[in-house]
Every structure is written in C-alpha cells, then in structure tokens.
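This is what each chain is made of:
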Amino acid sequence: MNRAEYEEMEAKRIERNLAYLDAGVVFIDLKMAYIDEGVKIGKGTVIYPCVVLEGNVEIGENCTIGQNTRIKDSTIGNDTTIQSSVILESRVGDETSVGPFAYLRPNSEVGNHCKVGDFVEIKNSKLDDGAKAAHLTYVGDSDVGKKVNLGCGVVFVNYDGSKKYRSVVEDGAFIGCNVNLVSPVHVGENAYVAAGSTITSDVEDGALYVARSKGRSIEGWVEKRGILKK
C-alpha cells in the first residue's frame, strides 16, 4: 500500500465514522475508532478510543464499547458494556457486562444480565441468563445454566491430551473458587461445589460436593526447618 492508497483508506474510515455519528453513535475520539464497512451500531452506543470492529458485527443500542476492545463477526445486545476485551464469532445478550480483559473465543454465547469479568476466557460454550464468572476463570466446551455463579479460578478441564469433552452445569448451581471440573461431568440444578474441589463425577441436584484432602497443622515446623531464616 502506497501513501495515496493509505490516505484514501483513512478518508473513507473517517467518513464512515461521521455517518455513525450522524446516526446517533457517540465517539470519545472519532479518529481513533476502526470500524469495517457494514458494521451495525445502535443509537446511543458509546465507542471509546482504539476500538476495532471487524467483519459482520452488530451492536445494539445504548452500549458502551470500552477502550482497546476488538470485536469480530459477533453480535452484542442492547445496554451491554464491553471493557478492553476481545470477542470473536460470538454472541452477547442484553444488559450484560464483559471485561476488562475478557476473551470470548468462537462459538461462545453469553446471555442477558450476565457478568464476564476480568481474565475470564470462554470458548465454544454457553452462559445462560444471569450467569456470572467474575474473574480468572476458563469455560471451555461447556453449557452453564441460568444464574450460575462461577467463583474465582474455576477451570473446565475439557482436554485430556487427545480429545475434548463437554460439561453441563444446571440452573442455579454455585461453583466455588479454585474448582476444577474434569469433563465430561454434569452438575445438577442448585448444586453447591465447595471451593478447592476437583469434580470427576456427576453432582446431583441440590447436593454439596466436597473433594479436598484433610488439612493438618504441624507446630514448630518452620522454626525447626529454618527455611525462613536468611
């Protein structure tokens, strides 16, 4: 690409952004938004600097697309906030919050009134309405029901080195912090999985699942070993 071609491309980009502005889209910095031709953006949506919208993208009304967000071939509902995140070939519902620093990989679907927080990765999975994964969680090849809470550090262990497997977490279940779900497993409706557990078998509706080794305290061990003395 030579200089003349680049300048022509940039002129067309700014012209597109001005057309979105005239249609009711709000830009924090119009010159710093990179939007492909054909992208649909609803009235009242706010676009922050360094946003990239590529391919077949449709964004609803009154959304906030935060700085350094990249969305490709995806659909975003109304009144949804995306903060500094990457969304690829996926769907996000209405009144949902994504990010900062979340990653939605292809074939992911996040419902209405959901929360996908910082450093959460979702791949080929569904989070139904009201589900929450607030931080530091990986959801791969799984179906998560309505109003499920995924605690910090939850991992869906979907790959055994040769094959990938799918897990299901039913509506209303609570998955505590630092839980591993070794797929394929099924967690029943309103079940409760205690923090620090590794799930290798199905959990019945309404059951409490605990999988931890029993802890013990050895008095005087640090002083005897001297490992903290320098």
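Here goes a summary of the coordinates provided. Since this is a predicted model, take the numbers as computed values, not measurements.

Calculation rules
- Throughout, a residue's number is its position along its own chain's written sequence, starting from 1.
- Totals for whole chains, interfaces and linings use all residues, but because this is a predicted model, local features are given only for residues with pLDDT of at least 70 and pairs of side-chain atoms are given and counted only at 80 or more.
- Based on all heavy atoms of the structure, the side-chain values leave hydrogens and waters out of the count.
- Strands pair, by our definition, only if DSSP identifies at least two bridges between them.
- Counting from the N terminus, the helices are DSSP H or I runs at least four residues long and the strands are E runs at least two residues long.
- To estimate the expected span of a helix, count its residues, drop one, and scale the result by 1.5 Å.
- Whether a residue is buried, partly exposed or exposed follows from its accessible area with a 1.4 Å probe, protein chains only, as a fraction of its type maximum: under 20%, in between, or over 50%, in that order.
- Throughout, the arc means the angular range of directions from the helix axis out to the C-beta atoms.
- Here, two residues are considered to be in contact whenever any of their heavy atoms come within 4.5 Å of each other.
- Centres within 6.5 Å make a pair out of two Phe, Tyr or Trp rings, where for Trp the six-membered ring is used; the pair is then stacked when the planes are under 30 degrees apart, edge-to-face when over 60, and tilted otherwise.

A separate point is the pairing of strand β16 (residues 115–123). Sheet topology note: the strand β13 (residues 97–98)/β16 ladder contains two bridges and is parallel. Across the sheet, the residue bridging to S97 is K115, located in β16.

Bringing helix α1 (residues 3–22) into the picture now. Over its 20 residues, α1 extends 29 Å from the first C-alpha to the last, a length consistent with the 28 Å expected when each residue adds 1.5 Å. Those residues of α1 that fall on the buried side of the exposure criterion are E10, R13, N17 and Y20. Angular distribution of buried residues about the axis of α1 spans 75°; they occupy a single face of the element. Relative to its buried face, α1 has exposed residues pointing more than 90 degrees away, namely A4, E15 and D22. Taken together, the buried residues of α1 touch β1 (26–27), β2 (33–35) and β3 (40–41). Looking at the residues trailing α1, positive phi occurs at G24, about 105°.

Where β16 and strand β18 (residues 132–140) come together, seven bridges link them in parallel fashion. Counted as the bridge partner of E121 is Y138 from β18.

Turning to the sheet that holds strand β25 (residues 186–187), a few remarks are in order. The parallel open sheet is built from nine strands, whose spatial order is β3-β6-β9-β12-β15-β17-β19-β22-β25. The open sheet has two edge strands, β3 and β25, and neither has a second partner.

What follows is about the packing of aromatic side chains. With the rule as written, the count across this model stands at two aromatic pairs. Summarising the aromatic geometry, the rings of F101 and F119 are spaced 5.4 Å apart at their centres and angled 25° between planes, so their arrangement reads as stacked. Separated by 18 residues along the polypeptide, F101 in the loop between β13 and β14 (103–104) and F119 in strand β16 bring together distant segments of the chain. When the ring of F174 is compared with that of Y192, the centres are 4.6 Å apart and the planes differ by 15°; the resulting orientation is stacked. Of this pair, F174 sits in strand β23 (residues 174–175) while Y192 is found in strand β26 (residues 192–193), placing the two residues 18 residues apart along the sequence.

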